[in-house]
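Listed below, chain by chain, are the residues.
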Amino acid sequence: MGLPHVTAVVRPSTLDEALALIRNGGGAARWLAGGIDVVRRPPAAETTLIDLSALPLGDISVSRDGDAVSIGAMASLTEIQESPLIRELYAGEIVSMLGAVASPLLRNLATLGGSIGSAHPWSDIHCLLLAIGAHVEIYDGATRTADLGEVLPVHSGENQQLVTRILLPLPKEHTAAAFEKFARSKFDVAMLNCACWISLSSGKVAKARIVAGGTPARASRVPTAEKQILGTTLDEATISAAAETAVRDTELREDVRASAEYRATLLATGVRRCLVRARASLALGDTSDLEKGRP
Amino acid sequence: MKVNLIINGASHLTDVAPGETLLELLRREGYKSVKKGCGTGDCGACAVLLNGRAVNSCLVLAAKADGAEVKTLEGISDGDSLHPVQQAFLDCGAVQCGYCTPAMVLTTIDFLSRNPDPTDNEIRAAISGNLCRCTGYEKQVEAIRQAAAAMRGGPNVA
Amino acid sequence: MSRSETPNRPFQVVGHSERKVDGISLITGQPQFVADADLRETLHVRLLTSPQAHARISRIDTSAAEAMPGVACVLTHKNTPETRYTTAGQGFPEPSPYDTRMFDTKVRFVGDRVAAVAAETPEIADEALRAIRVEYEPLKAVLSLDEALAVGAPIIHDEPESEGIYEAAGNVAADVDISVGDLGKAFEESDVVVEATCETQYAQHTPIETHVVWSYLDADGRLVLRSSTQVPFHVRRIVGYVLGLPIRSIRVIKPRIGGGFGTKQEILLEDIAGLITLRTRRPALFSLSRQEEFVSSRTRHPMRIRVKMGADKEGRLHALEMEALSNTGAYGSHALTVLSNAGSKTLPLYNKAANVRFFGKALYTNLPVGGAYRGYGATQGYFPLEMAMDMLAEQTHLDPIEIRQRNHIRSGETSPIFEKLGEGREGVAFTIRSCELERCIEIGRERIGWHEKRGKRRTSGPWIHGVGMSIHMQGSGIPHIDMGAATIKMNEDGSFNLLVGATDLGTGSDTILAQIAAEVLGVPVSHMVVTSSDTDITPFDVGAYASSTTYVSGKAVERAANKVREQIFNVAASMLEIDPRTALAELTLDRGRVAGGKRLISLSEVCQRAMYSNEQFQIGATASCVPEESPPPFLASFAEIAVDRETGFIKVLRYVAAVDCGVAINPKMAEGQMEGAIVNGIGFALTEEMKFSSTGRVRNPSLFDYKIPCAADVPPIEVILVESYEPTGPMGAKSVGEIGINAPIPTIASALYDAVGIRLTKTPFTPERVLAAMNGRTS
């Protein structure tokens, strides 16, 4: 029936119970969050699934120090989209990214923790969250904060980590983020995605993150492109140069969705569009060429 | 293992294999309106309402749904009278082969409960997880628009 | 939609968008599909398929699988018939090669049948498949049209037992060559000559319900096949032939099915399920997984087609040549007929060319098998035909609409192609009796805003806009070959049973056939109880293909209804004490009653008398129809698109389709056919493409990786029914099921040229191809 190698499904009610189960299970236990990836990539050997839905990980709130929005790892993508706290973040960029991730049916089931843990290389979520500097909380007996990059893919075998919350930094003044996704159809996974996050100081770029994903490798930053825009006002020439640098310094390959060469075009276009949009958000300089143009 | 599901308002206590999906369980229990189109959550034909939200039942492990409320198309019409969404689909000619229809109706019911006055673009996005090869979606969008109006205006909101 | 009028009186039922007769059962989710049956005691069948594109099976050992507890039956070439047949669901004798064995000693594509297992559960069956040991002796594979054409290419069908292959040594499954006039001379005489060569890709129908059959022995030991099929009678015949069973021992029933689009015009599962049931005496359920549906069922034939046109300075065609190369995959089902239709359903549209040639070949390759797919060759043919027409327009400085108006066929005209190019044999000459293409063009051009938009290249941000158009014809059934029949019998409440072999795939044929009968007999549709597609009960019908149901099966229904009408009048005449010889002229049927002068009798009174009281007989009749002609529906298709100049993405903003299908029996359903066909065509034009590895394996056999349009991917499709009256059709109707799918490729290609000045000759028009062409690189 269904997944033949699943031998048990257990539902712990505390974090410590969950941790004990995964540790005692050795390699034969796996997290079950929304469940999408478990069904699409079913276990090949006898496995116990640890159902996380009874853990107190579903809420969305402002973090204790007021610096971030704290999202429980088991919150569904739909719930996150509908949350008033998320709607306004980064001028709606997070909500609009989520709206293009996958169909509403999948968004109702998929959890943020599961999405990050499944480590799909085309992940739109990972791309934008990396750009805005999201952190996670990991529970291993005690809670600690870690970078997004420290989250291990659940199927890597080294999967005993329990991500409990995702922290989205609340944008400070003079910061903006933008995200672009290129896909063959409305809800296809990205042929390529990219995101940027800009923070200004005295009208110039003080901090920046530029991220390319679905290359087809997982999203990662392009430090050389980031460096290139520091200290600038994101003028046309700088943006073009940064786009070219991103292409030059990102490894792009072919798969069923796109060739490497075409990905290069998409990356250049995407980085440019992201930076232009970020600049518009920040009301930097001349905005006359910013019309994105909805056909 | 045993799971307890409330299917269309009635409690079902059943034996399930740990790896069994909700789709398999529902069809096994006689809810044949829930269709298999791909088994991997790509076509949406298996969608049911799980605690009120439309989800691909082929992606839900039955064990994970323990204690949940499930609604299938069998539980939608009230005796002889159709739900406004069903009525609109019928009136607008939005059903051709009917294979994607049960899931489409349930997805619509979930959608309209949260967005009772949608634009056409919002309607299209809402049913984008329900693939149809027969209709071109045209009359389905029309039916959903009509159902939304009926549900906003009529006294018998289901 | 408007109601139509016959010379006598306005329609009561026909021409109205009556609700589907199966609507309630579908909208309430009644268990009416094949796999909804009670599956207790049913064995589950799973298929072992080949990992090799071309290989001999040197050894196959099923002993471990057979010994497994829960395994009831294992089939391989060692224990199944050696009979060669075609899987193509066509009329007998099928115009497709008999090149298929149930299980062969050779595999010819990745996904080809190797073995089948029937077991108590699907899981046991899967385990048993894994226990089957197969040794292959790989052969060099042919993985493209060019490789198939190359000298010294390996012979895919080297077995002497196959029949009907045009030239096996050259991997040529089929060959066609017809011409009228002298093409060489005609091109020389032409002022302008243009040529376009286009290529279409591997695509799959992706019905949401995959192929499935449930087989069992009934109480009398007869084999019953409850199948998701478009061709129940062909299934019966071909399964009988392959398994060596007399036809009378087999019953095929088509219940509700989840779409077909041509892929179910094929005998793909029923032979295996049937044989398993015969050997085990148990019911068997055999369904294809989605991956198997992509790889191991049927696909659209990829084609490379060249069209050359010669015209005078005014753009009037003088010479028209089409050369088609079709990739039929590993087996030749539908190879000849799809190839032929690339020309037969396209070239007559431009009948002004006095010199016409169509020639081409269908080649075997070690790739998935092409079969019937809505449009059936015409979809591929219209791509270069309409492109050449656009090129001709440019060369003669005419608007694309103008040049088509100078060349397209009209009512009262004919084309030599009708006679020259049939389906595997000579065609049939006929004259067009109904054609509103001119009005379709006028209505469509205005609705899309052709004049305001063409050539303007409006921009918004990175988007550049364009409009495009194309025109089309198809056919309605296959003249002299297709046959449909209907039986009507009366019940004593004034209702009727309508029994038709015709196959409703969700297309609504049950409903429109009921409407036709109800119209003749003066009753509401609810008084016409339809039973369809059961080979024991319903009379013969070729099945749902070739856009035949409305025109052919509908005519049979009309004839049967007229016979019943006459019988009713005879009974009524004796009740009313009228001379029966004048009855037909004096009586009418209206709203369930016979009216004669001032007197009315209800139909139920008539039937009660005939059933119980006086000179009793069963009021009922059977009638058939073999069409003499194939009156084409006509379509003028228009679209507005926007192209992102930075990424090459195409967005279809508006789609307008003005179609003449004669009298629309059920307007909403006719629109529904058009809307669905067009959206399918948009997918074929923009995103759908099966991709292959270097060893012939399909890389994207899933709906995750092979993208068909979802609701947000397409704009509203504006269908305008432009009615004509087809005198040979039932109530003036023609068919409409296929024509829409042929339009999006050429229409979008035309719009692309308007927007960014490129002519893309390969589908799908992916953003990558568009961008490469815009940047001047070859795509």
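As a convention, each chain's residues are numbered from 1 in the sequence order in which they are written. The order in which chains are written sets their letters, starting at A; the order in which ligands are written sets their numbers, starting at 1. Only residues with pLDDT of at least 70 are given local features in this predicted model, and only at 80 or more are side-chain atom pairs given and counted; all residues enter the totals for whole chains, interfaces and linings.

1. What to know about the domain arrangement of chain B
Residues and elements named next belong to chain B. What counts here: Where each domain begins and ends follows an automated or database-derived domain assignment. Numbered from the N terminus, helices here are DSSP runs of H or I no shorter than four residues, and strands are runs of E no shorter than two. Ten residues, namely Ala, Val, Leu, Ile, Met, Phe, Trp, Tyr, Cys and Pro, are considered nonpolar, four, namely Asp, Glu, Lys and Arg, are considered charged, and the remaining ones, Gly among them, are considered polar.
Domain parsing of chain B yields domain 1 (2–75) and domain 2 (84–153). Computed from C-alpha coordinates alone, the two centres of domain 1 and domain 2 are separated by 21 Å. Taken together, the elements giving at least two residues each to the side of domain 1 that touches domain 2 come down to strand E3 (47–50) and strand E4 (53–56). Take the side of domain 1 that touches domain 2: its biggest share by element is three residues, from E3. Within the side of domain 1 that touches domain 2, the residues separate by chemical class into nine nonpolar, three polar and three charged.

2. Examining the nonpolar core
Note the threshold: For our purposes the nonpolar core covers buried Ala, Val, Leu, Ile, Met, Phe, Trp, Tyr and Cys residues that link as a set through C-beta atoms within 7 Å. Three exposure classes are used. Buried residues have 20 or more other C-beta atoms within 10 Å of their own C-beta, exposed residues have 12 or fewer, and partly exposed residues fall in between, all C-beta atoms being placed from the backbone.
Core analysis: the biggest nonpolar cluster contains 425 residues, and Ala177(A), Cys196(A), Leu498(C), Ala517(C), Val659(C) and Leu752(C) have the highest contact counts within it. Top element by residues in this core is helix H16 (residues 549–576) of chain C. It accounts for 12 residues.

3. Here we look at the interface of chain B and chain C
Here is the rule: Remark: residues whose backbone-derived C-beta atoms lie within 7 Å of one another are considered to be in contact.
Opposite the 39 residues of chain B that make contact, chain C presents 43 residues. Broken down by secondary-structure element, the contributors of at least two residues to the side of chain B that touches chain C are helix H2 (84–91), helix H3 (101–114), helix H4 (120–126) and helix H5 (138–153) of chain B. Partitioned by chemical class, the residues of the side of chain B that touches chain C number 19 nonpolar, 13 polar and seven charged.

4. Considering the sheet that holds E3(B)
Residues and elements named next belong to chain B. As a reminder of what qualifies: At least two DSSP bridges between two strands are required for those strands to pair. Only the stretch in contact is used when fitting a helix axis, every axis being a line fitted to C-alpha atoms; angles between N-to-C directions are given from 0 to 180 degrees.
The strand order E2-E1-E5-E3-E4 describes an open sheet built from five strands, whose pairing is mixed. Each edge of the sheet is formed by a strand with only one pairing partner; in this case those strands are strand E2 (10–15) and E4. For this sheet, the mean angle separating the axes of adjacent strands, direction not counted, is 40°. The pairing of strand E1 (residues 2–7) with E2 spans six bridges and is antiparallel. Each bridged residue has a counterpart across the sheet, and for Asn-4 the counterpart in E2 is Leu-13.

5. Topic: the interface of chain A and chain B
In this complex, chain A contributes 25 residues to the contact, which on the side of chain B involves 24 residues. Only strand E1 (6–10), helix H2 (36–40), strand E3 (47–51) and helix H6 (104–109) of chain A provide two or more residues apiece to the side of chain A that touches chain B. Residues of the side of chain A that touches chain B, tallied by class, amount to 15 nonpolar, seven polar and three charged.

6. Points about the packing of H3(B) against H5(B)
Residue and element names in this part refer to chain B. Operational definition: The cut-offs work like this: below 35 degrees is roughly parallel, past 145 is roughly antiparallel, 65 to 115 is roughly perpendicular, and the gaps in between are oblique. Two helices that cross are described as forming a left-handed crossing if the nearer one is turned anticlockwise from the farther one by less than a right angle, and a right-handed crossing if clockwise.
Contact geometry for H3 and H5: axes closest at 11 Å, N-to-C directions at 45°. By the criterion of interaxial angle, the relationship of H3 to H5 is oblique. Like other packed secondary-structure pairs, H3 and H5 cross with a definite hand, here right-handed. Contact residues: H3 offers Met-104, Thr-108 and Leu-112, while H5 offers Gln-140, Ile-144, Ala-147, Ala-148 and Met-151.

7. What about the domain arrangement of chain A?
Residues and elements named next belong to chain A. The domains assigned to chain A are domain 1 (6–51), domain 2 (60–169) and domain 3 (175–281). A C-alpha centroid distance of 20 Å is found between domain 1 and domain 2. When residues in the side of domain 1 that touches domain 2 are grouped by element, the largest group, five residues, is from helix H1 (residues 15–25). Along the lines of polarity and charge, the residues of the side of domain 1 that touches domain 2 split into seven nonpolar, three polar and four charged.

8. Quick notes on the confidence of the model for chain B
Note the cut-off: Residue-level confidence of the predictor, termed pLDDT, takes values from 0 up to 100.
Per-residue confidence for chain B gives a mean pLDDT of 95, with 97% of residues at or over 70. Reported confidence for the predicted complex is 0.97 by ipTM and 0.97 by pTM.

9. Digging into helix H6 (residues 232–243) of chain C
Residues and elements named next belong to chain C. For the record, the criterion: Helices are assigned an expected span. That span is 1.5 Å times one less than the residue count.
Look at H6: 16 Å from first C-alpha to last across 12 residues, which is about the 16 Å you get at 1.5 Å a residue. Among the 12 residues in H6, 10 count as buried, and that is most of the element. Turning to H6, its buried residues number three or more, namely Pro-232, Phe-233, His-234, Val-235, Arg-236, Arg-237, Ile-238, Val-239, Val-242 and Leu-243. Next to the buried residues of H6 lie strand E4 (84–85), strand E12 (223–227), strand E13 (250–253) and helix H7 (270–280).

10. Examining the pairing of strand E11 (residues 204–213) of chain A
Consecutive residues of a regular strand have side chains that alternate between opposite faces of the sheet. Residues and elements named next belong to chain A. Bridge count between strand E10 (residues 192–201) and E11: nine bridges; the pairing is antiparallel. Note that in E11 the partner of Ser-201 across the bridge is Lys-204. Linking two consecutive strands that pair antiparallel, namely E10 and E11, is a turn of two residues; a positive phi of about 50° is found at Ser-202 within it. Examined bridge by bridge, E11 and strand E12 (residues 220–221) share two bridges and lie antiparallel to one another. Of the residues in E12, the one forming a bridge with Val-211 is Arg-221. Linking E11 back to E12 in an antiparallel pair, the connection comprises six residues, with Gly-214 at a positive phi of about 65°.

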